Amino acid sequence: MTPARSRPGTYGKLTGLWQATIVLLLTLILECLFLTRANDFIASKVKEHDAGLRTETSVSAVLLKDTLIRFLDQLDALHGFARLVTEARQTGDVPMEQAAMAELDRWQGNLGDGVRYIGAIDPSGALDWTNLKTAIHRANLSGQEYFRPIADGKADYWVGAPVAGPVSGQIGIHFTKSIRGPDGVLLAVTMIDVDPRLLSDLAASAGLTGTDTLTIQRRDGVILARSSASQYIGHVNPPDASHMRAFLSAPSGLLEGISPIDGTDRVAAWQQIEPGGLILVVALDRAAHQAGIHAAVNRMYRWVGLTAVLIALLGAGAIVALRWHRRFATAEAQTDMARQSELLFREIAESLPDMVCLMGPDGTVRYANDATRALLGIPPDDLIGRPIDTFVYPDDLGAMKTIRLPAMLSAPPTRYAVRLVRPDGQLIWTQTSLQTLARDAAAPGSSFIVGVTRDMTVQRQTEAALRLAKEELDALLTATRAVLYHARVDPDGGLHPLFVSDSALHLIGYTPAEIIGTPNWFAAHFDPAFAAEHQTHMHRVLTEGSSRTKYRLRRKNGAWMWVSMFSRRIAGDGFTIVGTASDVSREHERELQLAQSAKMATLGEVSTGMAHELNQPLTAIGMLAENSLASLLEDGPVRQLVGAKLERILDQVRRAAAIIDHMRIFGRRSDAPPAPFSVEAAIDGARTMASNRLQQARIGLTIEAAANLPRVTGHAVRLEQVLLNLIANAADAIEDHAPALPNRHRNIAIRADLADGMVQIAVADQAGGIDEALLPKLFEPFFTTKPVGRGTGLGLSISYGIVADMGGSIAARNQDDGTVVTIRLPLSDTPVTDGTESD
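Residues numbered from 1 in each chain as written. Predicted model: local features only at pLDDT ≥ 70, side-chain atom pairs only at ≥ 80, totals over all residues. Heavy atoms only, no water.

Asker: Can you help me understand the packing of aromatic side chains in this one?
Answerer: Note on aromatic pairs: each is described by the distance of the centres and the angle between the planes. Per the stated rule, a full pass over the model turns up three aromatic pairs. Seen from their ring centres, F81 and W107 are 5.8 Å apart, and the 50° between their planes marks the pair as tilted. On the criterion of sequence distance, the pair formed by F81 in helix α1 (residues 10-91) and W107 in helix α2 (residues 94-111) is long-range, its members being 26 residues apart. On the accessibility criterion, W107 (27% relative accessible area) is partly exposed. With centroids separated by 5.3 Å and ring planes inclined at 85°, the aromatic side chains of Y510 and W521 adopt a geometry described as edge-to-face. With Y510 in the loop between α13 (504-508) and α14 (512-515) and W521 in helix α15 (residues 521-525), this residue pair connects regions lying 11 residues apart in the sequence. Side by side, Y510 and W521 carry an identical accessibility label, which is buried. Looking at R552, its charged tip hangs above the ring of W560, at a distance of 4.7 Å from the centre. (Phe/Tyr/Trp six-rings, centres within 6.5 Å; stacked < 30°, edge-to-face > 60°. Helix = DSSP H or I, 4+ residues; strand = E, 2+ residues; numbered from the N terminus. Buried < 20%, exposed > 50% of the residue type's maximum accessible area, 1.4 Å probe, protein only. Lys NZ or Arg CZ within 6 Å of the ring centre and 35° of its normal.)

Take a look at the structure:
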């Protein structure tokens, strides 16, 4: 049997089938491989686009953060001027208030219409003032959310949730800041009303698209401003939401996903801003930014389908061509993305007034914006290729760390305050903020440093001017021997110093640090004998608003000095006062010498009369002694007769002793502290001293004193000196007009009573009165209406000073053909015990 042979062409068909099958399999394998590679390519391109989107988001967030911080610094400057206005209003310094208000308006004008108004709230929550041109009512803001945290002591700076302002009536963000004293007591709260749209408009300066958003919110989730839709302003993000937990977990970062606010897929970068506890969030719309790449991907998929058909025809050659095309497309996409990111960065940088630099890993400048011309005075191209510290003042190089990578990759954002030297030699103060942006932390060559430099020269000059003004004030106070102080009044009446000027060291030997914060420092260093006067002084300050008094104060070296203290209560809650303490030791000594001279002159005037007054009891003593001796020589019972005469001798001796003792007390120099005394005693002493002269001149003296007159505080002998001087002046006037005066007018009347809560003493005569044109000059030093040689013109001037030291007043007027001089003295607030009455 012969084997069967296959038919012609069968093997060839099988071979062709196998070949076709192999080709088909190879084509399918190549197509699957191609499709897999194509999908990987598309995914990588989308991934690269996402990486670029994240980089763009991070850069925008950093730049907008710096812009927002600059805006907050400007608001802080407004707070500073508002503080100056408030303090000037509290102290009544109108020129300072007007100057600070003008500067405040100028700074507000630089910020545009976004800052509606600036004002201040007093500690009770009442609106104190605003810089609006129209009048406002004192609205009660005590319940407002932007006031309560500061009033409760929880914060000194607060950014309020958007609410309708009580003054503007529009939705606004209220930036508030406390004004506290050195002890932490709240004095006022400054307030700035900002339109939320001003913050929202920052998005336009960053070049964000219409669907991208800039959100500024507080750490508690309250949205202050949002660029895309105003209806979200005031919305509260729950603190336990995932995106809020992320925002609070780190100072900065990236977050991707669906926005819980508007449901849009976004790539968000946040930056925490410490002033005010704010969080800045830049969220880019992924779909909007991927619209271009999606169109490219769709075209690519169509191209892939066509290529798959070509692969079946062209085989391996098409695959090789596709791979080369893929490499070219990837490089082109990366180049285009880098170009777009650079253009966006440049647009943002050129819109800023501060100098913006982009530095490489070695710290050399690769880009500088046009603000370089204004800051350094050179074109931006002259800075490119140089290290960033080229123009730093040599003395400040040590304070500025070397800017190099990778040392800065893990460092937080850094600020430097250094001086720069312009090519023309001008020295300017600047503040530079540096932050590293790393595309890949493992590859330092892909990272760069962004630096923003701001001119701080004006601010530094302002600070220097304020320091110079303080030094000039201290020098002025030192030259005038005065100390300026600010103190809190404790419930027990003690003073708790809050501020003392540097002149205290020159005046009393203590530094301000040794005085401030020491409870009752004044009470511990005043002469204890003036405790009652101090209590009266503080009572007048708290009830009448101000008071002036004079104490003895112990210096640090132990010596005593006289100080004139003026105190004024500051309006507002609590009890705080401001005032001055001036060294008047020399003036006090001159006043004592002048008063003593005046007393001795008065004593000299009445000495002749006193000699006659003493001569009478001495003559009586001599006669009685002779009669007693004669009686003893006579026979008979003389014991009773001699005893009666001896009693009369003792009466005359006591009378002479009383006159001499009163003259001794009157002529003695008194430097004792003021004490309560009886007005009747001073009047009776003046009557005793003047009685003999009045008798010789045949002038009557009538005294009417109300019963149980309250006591006054001072020195009885000084008031007696005043009354004696007034009696002497009245007697001189009566003697000068004696021929023309009837006998009924030769009388001086003294009346003492209580009027309007004060002791009033009136000394009146009927000697024709004084020319009305001369009455205003009556109490001036060296002014007299007496002939030459009869008066020094100091009596009434000294009397005026004595009455003023007692807190009273003295005035003269014409009445009933004569002159009436009225003395008004405040009542003593200190109870009097036996032995405490002043001489």
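Asker: I keep staring at the packing of helix α20 (residues 716-736) against helix α21 (residues 795-805) and nothing clicks. Help me out?
Answerer: In a pair of packed helices, the angle between the axes and the distance between the axes together describe the arrangement. Interaxial distance between α20 and α21 falls to 10 Å at its minimum, and their mutual angle equals 145°. When the axes of α20 and α21 are compared, the crossing they make is left-handed. Residues R718, Q721, V722, N725, L726 and N729 of α20 touch α21, and the partners they reach there are G795, L796, I798, S799, I802 and V803. A breakdown of the residues in the contact of α20 with α21 according to their chemical character gives six nonpolar, five polar and one charged. (Axes fitted to C-alpha atoms, helices over the stretch in contact; angles between N-to-C directions. Left-handed = near helix turned anticlockwise from the far one by under 90°. Contact = heavy atoms within 4.5 Å. Nonpolar A, V, L, I, M, F, W, Y, C, P; charged D, E, K, R; others polar.)

Asker: Explain the sheet that holds strand β28 (residues 819-826) to me, please; I cannot follow it from the model alone.
Answerer: The five strands lie next to each other as β23-β25-β26-β28-β27, forming an open sheet whose pairing is mixed. On the outer flanks of this sheet lie β23 (700-705) and β27 (809-814), each paired with one strand and no other. Looking at each pair of strands side by side, their axes are set apart by 15° on average, direction ignored. Strand direction decides the pairing type here: β27 and β28, joined by six bridges, are antiparallel. Looking at β28, one finds that A812 is bridged to V821. Of the strands in this sheet, β23, β25 (747-755) and β26 (758-764) touch helix α19 (residues 679-696), which is tilted by about 170° from β23. Across the sheet, α20 lies against β25, β26 and β28, angled at about 145° from β25, the strand it touches most. (Pairing = 2+ DSSP bridges.)

Asker: Sorry if this is basic, but what is going on with the sheet that holds strand β10 (residues 265-273) here?
Answerer: Strands belonging to one sheet form pairs held by backbone hydrogen bonds; the direction of such a pair is parallel or antiparallel. An order of β8-β7-β11-β10-β9 is seen for the five strands of this open sheet, with the pairing classed as antiparallel. Here the strands that pair on one side only, and so sit at the sheet edges, are β8 (223-226) and β9 (252-258). Mean inter-strand twist for the sheet, computed between neighbouring axes without regard to direction, equals 20°. Bridge count for strand β7 (residues 213-218) against β8 is three bridges, and the pairing is antiparallel. Residue Q217 lies in a different strand from β8, and its bridge partner there is I223. Across the sheet, helix α6 (residues 242-249) is in contact with β7, β9, β10 and β11 (278-285); its angle to β10 comes to roughly 35°.

Asker: Quick question: what am I supposed to make of the nonpolar core here?
Answerer: By size, the foremost hydrophobic cluster in this structure holds 42 residues, and its most contacted members are L723, I748, I761 and I823. Secondary structure elements with two or more residues in this core: α19, α20, β25, β26, α21, β27 and β28. For this core, the element with the highest residue contribution is α20, accounting for 10 residues. Once you skip the residues sitting within four places of it in the chain, I823 turns out to touch V722, L723, L726, V759, Q760, I761, V803, S809 and I810. By size, the runner-up hydrophobic cluster in this structure holds 41 residues, among which are F81, L199, L208 and I273. (Core = buried A, V, L, I, M, F, W, Y, C linked by side-chain atoms within 4.5 Å.)

Asker: Explain α6 here, please?
Answerer: Looking only at α6, the buried set comprises H243, M244, A246 and F247. Looking down the long axis of α6, one finds its buried residues gathered within 160° of arc, a one-sided arrangement. For α6, the exposed residues set more than 90 degrees away from the buried face come down to S242, R245 and S249. Contact partners of the buried residues in α6: β7, β9, β10 and β11. (Arc of directions from axis to C-beta.)

Asker: I keep staring at the pairing of strand β5 (residues 171-180) and nothing clicks. Help me out?
Answerer: Where burial is concerned, most of β5 is hidden: seven out of the 10 residues are buried. Note that strand β3 (residues 157-159) and β5 share three bridges and pair antiparallel. Note that in β5 the partner of W158 across the bridge is T176. Where strand β4 (residues 163-164) meets β5, two bridges bridge the pair, whose relative direction is antiparallel.

Asker: Sorry, what's going on with the pattern of salt bridges here?
Answerer: Two side chains that carry opposite charge are able to pair once their charged atoms sit near each other. Scanning all chains against the criterion turns up 27 salt bridges. Residue D76 is joined to K177 by a salt bridge in which the shortest nitrogen-to-oxygen separation is 2.6 Å. Here D76 is found in helix α1, whereas its partner K177 is found in strand β5, with 101 residues between them in sequence. One salt-bridge network, held together by shared partners, links D66, R70, D73, D354 and R454. (Salt bridge = Lys/Arg side-chain N within 4 Å of Asp/Glu carboxyl O.)

Asker: Would you explain the pairing of strand β20 (residues 560-569) in this entry?
Answerer: Both faces of the sheet carry side chains from a regular strand, because those side chains alternate between them. Across nine bridges, the pairing between strand β19 (residues 546-554) and β20 is antiparallel. From the neighbouring strand, R548 faces β20, where its bridge partner is F566. With antiparallel pairing between neighbouring strands as the criterion, β19 and β20 make up a hairpin whose turn holds five residues, including G558 at a positive phi of roughly 95°. Alignment of β20 against strand β21 (residues 576-583), held across seven bridges, turns out to be antiparallel. Residue pairing across strands places S567 opposite G579, the latter belonging to β21.

Nothing here speaks to function; it is geometry throughout.
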